[in-house]
Amino acid sequence: GLALPDFRAAERSFQLMTQAAGRAGRGSTPGKVIFQTYNPEHYAVRFAAAQDYDGFFAKEIEFRKWLRYPPFSAFANVIVRAQQKDNALRMATQLGHLVFPPLEGVRVMGPAEAPVARLKDEFRYQILLKAGKRSVLRRTLHELQVFAERDEWSPTALVIDVDPITVM
């Protein structure tokens, strides 16, 4: 889980490890928890092993502040979907040109193939947007919607997820 391309990967992994450890040993029966990982030095693993919630939070919030992830920014995942790969790539490229240069305060990552590049016979590309102000993010997303409508994209071709739970 730590290797997933998602800024919440450490949080999810920490949550799962502490939940599993909390279920070990009930009543008077002691429990033992063993985590198998390629990253035993990762802060999420270390803090989960120590059951140190405050330490994990302090490290994670520092990480998010430094990289300007929520709650220190407004965040959106924009996905372009099409049944033909060439069409999905063309549409994602068009949106990429639309957001470059970005509005002041907006960081654009992508377009790139989505982590799950093909789902239910559709090819997927994504653009991640971070903005210091929610109003600036809203304006950028509105421009993308207007473009897709004006270009007569299929209603399901453009998916905008503001404050996504996952970017997968």
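Residues numbered from 1 in each chain as written. Predicted model: local features only at pLDDT ≥ 70, side-chain atom pairs only at ≥ 80, totals over all residues. Heavy atoms only, no water.

A.B. asks: How would you sum up the nonpolar core? Please name residues and give values.
C.D. replies: Core analysis: the largest hydrophobic core is formed by 26 residues, its most contacted members being V78, L95, L129 and W153. Those elements that provide at least two residues to this core are β1 (74-82), α4 (85-98), β2 (106-119), β3 (122-131) and α5 (134-150). In terms of residue count, the dominant contributor to this core is α5 (six residues). Apart from residues lying up to four places away in sequence, W153 is in contact with V80, M91, Q94, L95, F147, A148 and L158. Counting residues in hydrophobic clusters, the runner-up holds nine residues, among them F14, M17, Y43 and A48. (Core = buried A, V, L, I, M, F, W, Y, C linked by side-chain atoms within 4.5 Å. Buried < 20%, exposed > 50% of the residue type's maximum accessible area, 1.4 Å probe, protein only. Helix = DSSP H or I, 4+ residues; strand = E, 2+ residues; numbered from the N terminus. Contact = heavy atoms within 4.5 Å.)

A.B. asks: Describe the pattern of salt bridges, with residues and values.
C.D. replies: Here the idea is simple: oppositely charged side chains can pair when their charged atoms come close. Scanning the entire structure with this criterion turns up seven salt bridges. R12 is the partner of D6 in a salt bridge, and the nearest nitrogen-oxygen pair spans 3.2 Å. D6 sits in the buried class, given a relative accessible area of 9%. Here R12 falls in the partly exposed class, since its relative accessible area comes to 30%. Taking the shortest distance from any N to any O, the salt bridge between R134 and D163 comes out at 3.1 Å. (Salt bridge = Lys/Arg side-chain N within 4 Å of Asp/Glu carboxyl O.)

A.B. asks: Tell me what's going on with unusual backbone geometry, and back it up with residues and numbers.
C.D. replies: Of the consecutive residues P70 and P71, the connecting peptide bond is found in the cis state with omega at 15°. With respect to the helices, strands and loops of the structure, P71 is situated in the loop between α3 (53-67) and β1. In this structure, K120 takes a positive phi of about 50° despite not being glycine. Position of K120 relative to the elements: it lies in the loop between β2 and β3. Using a relative accessible area of 76% as the deciding quantity, one classes K120 as exposed.

A.B. asks: Tell me about the sheet that holds β1, residues and numbers included.
C.D. replies: Two strands in a sheet stick together by hydrogen bonds in their backbones, pointing the same way (parallel) or opposite ways (antiparallel). Pairing is antiparallel across the open sheet formed by four strands, whose spatial order is β2-β3-β1-β4. Edge positions in the sheet fall to β2 and β4 (158-162), since each has one partner strand and no second. If you compare each strand with its neighbour and ignore which way they point, the axes differ by 20° on average. As paired strands, β1 and β4 are joined by five bridges and run antiparallel to one another. In the sheet register, I79 faces β4, and the bridge partner there is V159. (Pairing = 2+ DSSP bridges. Axes fitted to C-alpha atoms, helices over the stretch in contact; angles between N-to-C directions.)

A.B. asks: Talk me through the pairing of β2; I want residue IDs and the actual numbers.
C.D. replies: For β2 and β3, the ladder comprises eight bridges, and the chain directions are antiparallel. Each bridged residue has a counterpart across the sheet, and for V106 the counterpart in β3 is A131. Hairpin geometry of β2 and β3 is characterised by an intervening segment of two residues between the two adjacent antiparallel strands and by a positive phi of about 50° at K120.

A.B. asks: Describe α5, with residues and values.
C.D. replies: Helix length check: α5 (17 residues) gives 24 Å between terminal C-alpha atoms against 24 Å at 1.5 Å per residue, within 8%. For α5, every residue scored as buried is listed here: V136, L137, T140, L141, L144, F147 and A148. Relative to the axis of α5, the buried residues are bounded by an arc of 135° and lie together on one face. Away from its buried face, by an angle of more than 90 degrees, α5 presents the exposed residues R138, E149 and R150. Looking at the buried positions of α5, the neighbouring elements they touch are β1, α4, β2, β3 and β4. Once α5 finishes, E152 follows within two positions and takes phi at roughly 60°, a positive value. (Expected span 1.5 Å × (residues − 1). Arc of directions from axis to C-beta.)

A.B. asks: Can you explain the pairing of β3? Please cite residues and give values.
C.D. replies: With ten of its ten residues buried, β3 lies for the most part within the structure. Alternating positions in β3 separate into two faces, E122, R124, Q126, L128 and K130 on one and F123, Y125, I127, L129 and A131 on the other, with burial throughout. In this structure, β1 lies alongside β3, joined through nine bridges in antiparallel fashion. Counted as the bridge partner of F75 is K130 from β3.

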